[in-house]
Amino acid sequence: MRKHAGLIYVGALCALFAFAPGCDSDEGNGGTGATGGTGGSGGTGGNGGPLCVTPGSTVTLPSEISSDTTLTSDCTYRLSDKVYVRSGTLTIEASTKIIGDPEAALIITRDAMIDAEGTETEPIVFTSSAPEGARQPKDWGGVVLAGNAVLSFGDNQCGGDTGVVCEGSIEGIADDEEPIRFGGTDDDHNCGTLKYVRIEFAGFPLTEGNELNSLGVGGCGSDTTLDYIQLHLGEDDGVEFFGGTASISHLVVSNAGDDGLDWDQGWRGSATNFIIDHQLPRSSTANGIEADNSGDRPDAEPRSNPTIANGTLIGAPNTLFGMHLRRGTIGSLSGLIVTGFANAGIDVEGTAWDGAWPTTFLVRDTCFWSNNPDYAVDENDPEKVPSDPALFFDEPTELADGLGNTTDQDPMLVDPANNDYAAGNENCAGAFAPDGVDWTVNWTEYPEN
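Residues numbered from 1 in each chain as written. Predicted model: local features only at pLDDT ≥ 70, side-chain atom pairs only at ≥ 80, totals over all residues. Heavy atoms only, no water.

Visitor: With reference to specific residues and values, describe the pattern of salt bridges.
Guide: Taken as a whole, this structure holds 13 salt bridges when the rule is applied. Across the pair Asp155 and Arg181 runs a salt bridge, and its minimum N-O distance is 2.7 Å. Of this pair, Asp155 sits in the loop between β13 (143–146) and β14 (168–169) while Arg181 sits in strand β15 (residues 181–182), and the two are 26 residues apart along the sequence. Taking the relative accessible area as the measure of exposure, Asp155 reaches 39% and is therefore partly exposed. A relative accessible area of 27% means that Arg181 is categorised as partly exposed. Its salt-bridge partner being Arg181, residue Glu167 comes within 3.6 Å of it at the nearest N-O pair. Of the two residues, Glu167 is situated in the loop between β13 and β14 and Arg181 in strand β15; the sequence distance between them amounts to 14 residues. (Salt bridge = Lys/Arg side-chain N within 4 Å of Asp/Glu carboxyl O. Helix = DSSP H or I, 4+ residues; strand = E, 2+ residues; numbered from the N terminus. Buried < 20%, exposed > 50% of the residue type's maximum accessible area, 1.4 Å probe, protein only.)

Laid out in structure tokens, this is it:
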């Protein structure tokens, strides 16, 4: 890779794909995009040309990328279909814009990496290719990261004493397409970096109940960096972790269609300092958090066991639970604000408790406020929930310097309807704890269309 006149040349890409968009022809004819035409689709062949020929143009990315490739901020990049990064690193400069057509998605396979690092004032934006004012949820697919970390279960019998490494395939890929495999034996695996990134209007449904999340993280390991990420107006979940050990921080999920944060298959990372604003859900089963290990084998190892801390979850009359914890998940959840959910602030299904309470499944120092009700009794396992659910959460988990879980502390959120999520009650932690700094300023946006 070489630099010249402020442009990054991607000779390897053009060598692999003779007709890759943005590659100059041997005669120097770069095509409509290369010559600044309105089509913006790049050149028609040749080798060694720059991916971004004419600053300000739109370049359609090839469906296959198999070498180190850089997207510079002087062009806009179109995903016209699924783009698979097979190997090498896809680097995306700060303030770069990537637009997606229906059914399009960016998929980083487990043999590749992404390095997308924006800044507070120059975030990277993935959005719909529709014009502003006409954009809507499910305009395009979303972003998928696949890695080699350990799963608790896969597509076939695996793990335990089978001697078979668990592998899964990302949901949202049609049955007649190549499955995107994830999972392996490397819990340190690095899927790459997403930092100061916005993903908008994603979640295209391929079939009923089979859609991509705004961000899908399958089997990524602890060396993966996910920080300062906003997922806005996606049709399905905001972010879902399928196993692995990757962590996420400074997360904003604004108006997801379904769940804000979802996990299963043995996820053991963390989510810290996050906001799930669920005031406009479009699903009848929308939860702030939906948490599983395995529906078939709740105690499959390694069991889902994340650390969830300092988050603000906001519901609406048509949402279900602030936290729906089920199917064998365990973990530690603390310092949360959970408010406005119609069915309950928290619901725990019996299989989540088996062999776990109160040493490996903790809910502590959380303000439940104005949910209906704040706690839900598990009717399938009533013997595991005492008559006063508050005691069940408070007594064994209360921190020495905290209030424990409360239902009488109004967090006094300043103005969530206008995206001000600060808590006026110092007894409630929430997304900006412990220092109170609003880390959402400058890089987040909340467009309606």
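Visitor: Any chance you could break down the state of the cysteines for me, citing the residues and the numbers?
Guide: The tally for this structure, following the rule as stated, stands at four disulfides. Bridging Cys52 to Cys75, the disulfide has an S-S length of 2.0 Å. Between Cys52 and Cys75, the disulfide has an S-S torsion of 75° and is therefore right-handed. Here Cys75 lies in the loop between β5 (69–71) and β6 (76–79) and Cys52 lies in the loop between α2 (31–34) and β3 (58–60), a separation of 23 residues in the sequence. As far as burial versus exposure is concerned, Cys52 and Cys75 are alike and both buried. (Disulfide = S-S within 2.5 Å.)

Visitor: Quick rundown of the packing of aromatic side chains? Include the residues and the values.
Guide: Summed over the entire model, instances satisfying the criterion amount to eight aromatic pairs. Ring centres of Tyr228 and Trp443 lie 5.9 Å apart, and the angle between their planes is 85°; this geometry places the pair in the edge-to-face category. Of the two residues, Tyr228 is situated in strand β20 (residues 225–232) and Trp443 in the segment after β34 (420–423); the sequence distance between them amounts to 215 residues. Across this residue pair, the class does not change: Tyr228 and Trp443 are buried. (Phe/Tyr/Trp six-rings, centres within 6.5 Å; stacked < 30°, edge-to-face > 60°.)

Visitor: Summarise the pairing of strand β10 (residues 105–108); cite the residues concerned and give the values.
Guide: The alternating pattern of β10 places Ala105 and Ile107 on one face and Leu106 and Ile108 on the opposite face, and all of these are buried. Looking at chain direction, strand β7 (residues 82–85) and β10 are connected through four bridges and run parallel. Following the sheet pairing, Val85 is matched in β10 by Ile108. Sheet topology places β10 next to β13; three bridges connect them, and they run parallel. Within the sheet, the bridge partner assigned to Leu106 lies in β13 and is Val143. (Pairing = 2+ DSSP bridges.)

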